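Coordinate inspection notes
Chain by chain, the residues:
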Amino acid sequence: CSSMRALALHTRAPCVNARALTRPRQRNHTRAHISRVRCAAPENTGGGTKQDDVDDDVFRALDAVLGSAAATVTSDEDADVPTPLVMAANVEPKPSQYAKDRPDPLDGFEVADDWFGLGPKWDVPHGALKTFLTMISIDATFYVAGFLAPIAVYSTLRDPSEVPTEAEALTKDLQNVFDDPTSFSDIFLTAEVMQIVLGAIVLGISLAPHAPLPKGWFNDVFSSDAPEHNATGKSTSRARRMAITKAQDERRERSTNEAGVAILGTLVSVSIITALLYLAGLRGGEEQTGAASVDIIEKAFAAGPHGVANLLLTTVILAPMFEEIIFRGYLLPSLTKYMPPSFAVALSAVIFALIHQHGIGDTVQLLAVGVACGVVYSRTRNLGASMLVHAAFNGTVIALFALWTA
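For every chain, the first residue of the written sequence is number 1, and numbering continues from 1 onward in sequence order. Per-residue local features of the predicted model are confined to residues with pLDDT of at least 70, and side-chain atom pairs are confined, for both listing and counting, to 80 or more; whole-chain, interface and lining totals are unaffected and use all residues. No hydrogens and no water enter the side-chain calculation; it runs on all heavy atoms of the structure.

**What about the overall build of the protein?**
Note the following rule: Runs of H or I in DSSP of at least four residues are treated as helices and runs of E of at least two as strands, each being numbered from the N terminus. Each residue gets one of three labels from its accessible area relative to the maximum for its type: buried under 20%, exposed over 50%, partly exposed in between, using a 1.4 Å probe on protein chains only. Contacts are assigned to residue pairs that have any heavy atoms within 4.5 Å of one another. Here the Shrake-Rupley method, with its probe set to 1.4 Å, supplies the accessible areas, and only the displayed protein chains count as covering residues.
Of the regular secondary structure elements, the protein holds 15 helices and zero strands. The buried share of the protein, reckoned over its 406 residues, is 39%. When contacts within the protein are restricted to residue pairs at least 6 apart in sequence, long-range pairs at least 24 apart make up 77% of them. For the protein, the exposed surface amounts to about 22300 Å²; the carbon and sulfur share of it is 64%.

Structural data, given as structure tokens:
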């Protein structure tokens, strides 16, 4: 209102075209324009009567302009231009409206300095202790599932009257079931399903207090873009946010290509690593400690088509989905609260490799897979891309085993 009165006191006639308020380039500067415009005219010496009439005309014109610009569009070329009221509803949130308990993860990030294209940190609503306890609990589900799965399969194979009553005989009978290739493939699949269910419960309990999550988590399935749930951008200029978002969106659109490059890089690196391990005597020997993936594959193939089907379902579909959600979807972003994305990718890959508890050869290979999955997920922020890399590696290992045994 003060801008309108300033115009009325220094002009003799309205100097604002009503259409200016409905045109995108002119509308943004209208208020500043109103306060600056001076229409040259001689002083009114007629006792103020004529000037008062002009003032009234000016205010009536401005009232008409401001009242109609929010409700109507005056021509076809302006049909898609947002009205002032719509623009007011889309005003950018103030910093005070964002999540107050977390720093802006974009602080200090520059697209030009992001050599690997890993993007900025995630907006992490939980602390280090919760991350640690969540991962420990999820790891514990592996042992719980490994204990319950053989019992569940055993109970389907034995009638209650056939179950030995003596502990030693029962242990021996359970081992016989476990050693049978067909039963083992069923146990393998059952254990994976149990671990997924238990792991999902643990993850849900851990993240429930923070729901809805900030943008960027789990492909935004459980996220909200409301400012009170996000800290991203609260202390960053609009231009920087747009540049970061543009770079991220471009990589996300190329998720399939990014995954393809990661798959190729993984297979090449794993081939080189495997060759070096054989030369160093760390693979192929009988001294290996820990489980070997080739033993699991061999046992599943021994069970015939049923065993192979269970193996493919477990290792190419279920395991990549679950493990990528846990290690790349949850652990990697959580680590970026305390370290750069590059370090988080490396550390999450190490944990991913060690938690499998395989032999040295498999562990080193899994480290390479973990790095590739972490890089492609950070670049695209698309869990589907990292799942594709993970599944492609597991499928390639099974295919190579099939060719070797054939």
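There is more to say, and it comes next.
**So, the packing of helix H8 (residues 181-207) against helix H12 (residues 305-335)**
Definition in use: Axis lines are fitted to C-alpha atoms, over the contacting stretch for helices. Their N-to-C directions set the angle, which ranges from 0 to 180 degrees. Roughly parallel means an angle under 35 degrees; roughly antiparallel, over 145; roughly perpendicular, 65 to 115; everything else is oblique. For a crossing to be left-handed, the near helix must be turned anticlockwise from the far one by less than a right angle; the clockwise case is right-handed. Classification used: nonpolar for Ala, Val, Leu, Ile, Met, Phe, Trp, Tyr, Cys and Pro, charged for Asp, Glu, Lys and Arg, polar for all others including Gly.
In the contact formed by H8 and H12, the axes pass within 10 Å of each other and the chain directions differ by 20°. When the axes of H8 and H12 are compared, the pair comes out roughly parallel. H8 and H12 meet at a crossing whose hand is left-handed. Here the contact of H8 with H12 is composed, by residue class, of 15 nonpolar, ten polar and two charged.

**Quick word on helix H9 (residues 238-253)**
Test applied: How far a helix is expected to stretch is found by multiplying one less than its residue total by 1.5 Å.
If you check H9, its first and last C-alpha atoms are 22 Å apart, about what 16 residues at 1.5 Å a residue would give, namely 22 Å. Of the surrounding elements, those touching the buried residues of H9 are helix H10 (255-279) and helix H14 (360-380).

**Notes on the pattern of salt bridges**
Operational definition: Every case where a carboxyl oxygen of Asp or Glu lies within 4 Å of a side-chain nitrogen of Lys or Arg is listed as a salt bridge.
For the structure shown, the criterion picks out seven salt bridges. In this structure, the salt-bridge partner of Glu324 is Arg328, at a minimum N-O distance of 2.7 Å. With Glu324 and Arg328 both in helix H12 and four residues apart, the pair spans about one turn of that helix. Arg328 carries the same exposure label as Glu324, and that label is buried. A single salt-bridge network, built from bridges that share partners, covers Arg254, Glu258 and Arg379.

**Concerning the environment of Lys130**
Filter applied, for reference: Polar contacts, as used here, are pairs of N or O atoms within 3.5 Å; protein pairs need one atom able to donate a hydrogen and one able to accept it. Residues neighboring in sequence count only if both atoms are side-chain atoms.
For Lys130, the position within the fold is in helix H6 (residues 128-157). Each C-alpha atom, one on Lys130 and one on Ser334, is 9.7 Å from the other, the two residues being 204 residues apart in sequence. Once residues lying within four places of it in the same chain are set aside, the contact partners of Lys130 are Ser206, Pro209, His210 and Tyr330. Only 3.2 Å separates the side chain of Lys130 from the backbone oxygen of Ser206, close enough to count as a polar contact.

**A short note on the nonpolar core**
Heads up, the rule is: Buried Ala, Val, Leu, Ile, Met, Phe, Trp, Tyr and Cys residues that are joined via side-chain atoms within 4.5 Å together make up what is termed a nonpolar core.
Counting residues in hydrophobic clusters, the biggest one holds 38 residues, and the most contacted among them are Trp217, Phe218, Ile326, Tyr330 and Val389. Every residue in contact with Ile326, bar those within four places of it in the chain, is listed here: Met135, Ile138, Leu203 and Leu331. Counting five residues, the second-largest nonpolar core is a separate cluster that includes Ile297, Leu311, Ile398 and Phe401.

**Considerations on the layout of surface pockets**
In plain terms, the rule: Buriedness of a pocket was judged along seven lines, with at least five required to meet protein on both sides within 12 Å; pockets are open sets of points on a 1 Å grid over the protein atoms alone, cavities are sets where a 1.4 Å probe fits but cannot get out, and lining residues have an atom within 4 Å of a point. Grid points are joined across faces, edges and corners, and a volume is the space filled by probe spheres set on the points.
Taken as a whole, the second largest pocket spans an internal volume of roughly 640 Å³. Together, 22 residues line the second largest pocket, and Lys215, Gly216, Asn230, Thr232 and Thr245 are the ones closest to its centre. Of the residues that constitute the lining of the second largest pocket, the class distribution is eight nonpolar, five polar and nine charged.

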